[in-house]
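Next come the chains, spelled out residue by residue.
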Amino acid sequence: MIVLEATKLHKSYGNKFTKHEVLKGIDLRIEQGEFVSIMGASGSGKTTLLNVLSSIDRISQGSIKVQGREISKLKEKELASYRKHELGFIFQEYNLLDTLTVKENILLPLSIKKVSKKEANEKFHEVARELDIESISESYPNEISGGQKQRTSAARAFIHDPSIIFADEPTGALDSKSASDLLTKLSDMNEKRKATIMMVTHDPVTASFSSRVIFIKDGSIYTQLNKGEQTRQAFLKDIMKTQGVLGGVSYEY
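In this text the structure is predicted, and so the values were computed from the model without any measurement. (Residues numbered from 1 in each chain as written. Predicted model: local features only at pLDDT ≥ 70, side-chain atom pairs only at ≥ 80, totals over all residues. Heavy atoms only, no water.)

### Some words on the sheet that holds strand β1 (residues 2-13)
Piece 1. Pairing in this open sheet of four strands is antiparallel, and the strands run β2-β1-β4-β5 from one edge to the other. Only two strands of the sheet have a single neighbouring strand rather than two, namely β2 (20-31) and β5 (69-70).
Piece 2. Contacting β1, β2 and β4 (61-66), helix α1 (residues 46-53) crosses the sheet at an angle of about 120° to β1. (Pairing = 2+ DSSP bridges. Helix = DSSP H or I, 4+ residues; strand = E, 2+ residues; numbered from the N terminus. Contact = heavy atoms within 4.5 Å. Axes fitted to C-alpha atoms, helices over the stretch in contact; angles between N-to-C directions.)

### A closer look at the packing of helix α3 (residues 102-111) against helix α4 (residues 117-130)
Piece 1. Look at α3 against α4: their axes get within 10 Å of each other, and the N-to-C directions meet at 120°. Regarding the angle of α3 to α4, the classification is oblique. Judged by the sense of rotation from one axis to the other, the crossing of α3 with α4 is right-handed. Where α3 abuts α4, its residues K103, I106, L107 and L110 lie against A120, N121, K123, F124 and V127.
Piece 2. Looking at side-chain class alone, the contact of α3 with α4 contains six nonpolar, one polar and two charged residues. (Parallel < 35°, antiparallel > 145°, perpendicular 65-115°, else oblique. Left-handed = near helix turned anticlockwise from the far one by under 90°. Nonpolar A, V, L, I, M, F, W, Y, C, P; charged D, E, K, R; others polar.)

### Observations concerning the packing of aromatic side chains
Piece 1. Taken as a whole and judged by the stated rule, the model has two aromatic pairs.
Piece 2. Ring plane angle 5° and centroid distance 5.6 Å describe the contact between F89 and F91, whose orientation is recorded as stacked.
Piece 3. Here F89 falls in the buried class, since its relative accessible area comes to 16%.
Piece 4. Overall, F91 belongs to the partly exposed group, its relative accessible area being 25%.
Piece 5. Taken together, the ring pairs connect F89, F91 and F166 into an aromatic cluster.
Piece 6. Directly above the aromatic system of F209 lies the positively charged group of R232, at a separation of 4.0 Å from the ring centroid. (Phe/Tyr/Trp six-rings, centres within 6.5 Å; stacked < 30°, edge-to-face > 60°. Buried < 20%, exposed > 50% of the residue type's maximum accessible area, 1.4 Å probe, protein only. Lys NZ or Arg CZ within 6 Å of the ring centre and 35° of its normal.)

### Quick word on the pairing of β1
Piece 1. Two elements, β1 and β2, share nine bridges in a ladder whose sense is antiparallel. Looking across to β2, one finds that K11 is bridged to L23.
Piece 2. Here β1 folds back onto β2, and the loop between the two strands holds six residues, one of which, G14, carries a positive phi near 90°.
Piece 3. Inspection of the sheet shows β1 paired to β4 by five bridges, in the antiparallel sense. Each residue of the ladder has a partner; that of A6, found in β4, is I64.

### Concerning the environment of S211
Piece 1. Along the chain, the position of S211 falls in the loop between α7 (204-207) and β9 (212-217).
Piece 2. Taking the relative accessible area as the measure of exposure, S211 reaches 29% and is therefore partly exposed.
Piece 3. Separated by 177 residues in the primary sequence, S211 and E34 have C-alpha atoms spaced 6.7 Å apart.

In structure tokens, the structure reads:
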């Protein structure tokens with residue numbers, strides 16, 4: 001089943017005299033349960049693509065459908081409700097509320113739904129267990145590590161079972177071990193929950209945890225790779241080769 005379908009996406013900034021076209025007619029489909037990475041050089045349009053697909057920014061032209069619903073034409077109030085119910089977000093800088101505990105931060109998406117306290121607690125313990133953060137549930141963000149903060153952010157994104165989770169450079173502020181731990185858990189949850197994830201990253205190692213990588217160049221889709229049955233290490237080599245061709249850089253393994 002197609003979760004997200006984007007057709008002929010265009011995004012421009014400025015006016016007719018100083019127009020700068022960032023996205024140039026992108027077509028994209030994401031199936032339920034896919035873990036898709038978007039890669040591209042700085043200025044390629046990958047972050048803009050994530051922003052318009054996640055409704056953070058508006059497109060200039062084209063169509064975006066999530067679960068068959070045309071979101072590009074929703075009014076602001078409808079859009080805000082749609083975001084809260086249908087989308088999950090994992091940001092590079094965590095975006096946790098310092099005055100709330102880990103548990104309270106994770107439960108925020110359920111506070112706008114009619115979910116009983118018992119059901120909310122059950123959902124919390126399930127997702128916290130999967131992300132190995134049950135033991136810090138009563139801690140505050142300033143009392144935990146960067147890796148734990150990002151796993152808290154991930155738990156908040158998953159807890160209300162959104163249609164799609166958008167992750168913007170989720171490992172950008174993490175050390176290599178914390179990044180690997182997070183990505184392994186995201187991959188496991190993607191497989192176990194059939195959760196749909198779209199992640200923007202500049203890092204080929206991070207992208208290798210996904211099942212498909214889409215490369216953006218100058219506002220258009222340049223090419224894409226599917227992992228298929230190959231190992232993550234083999235997929236990583238393919239990603240690095242393609243990134244090398246795209247950026248004119250030769251990689252050695």
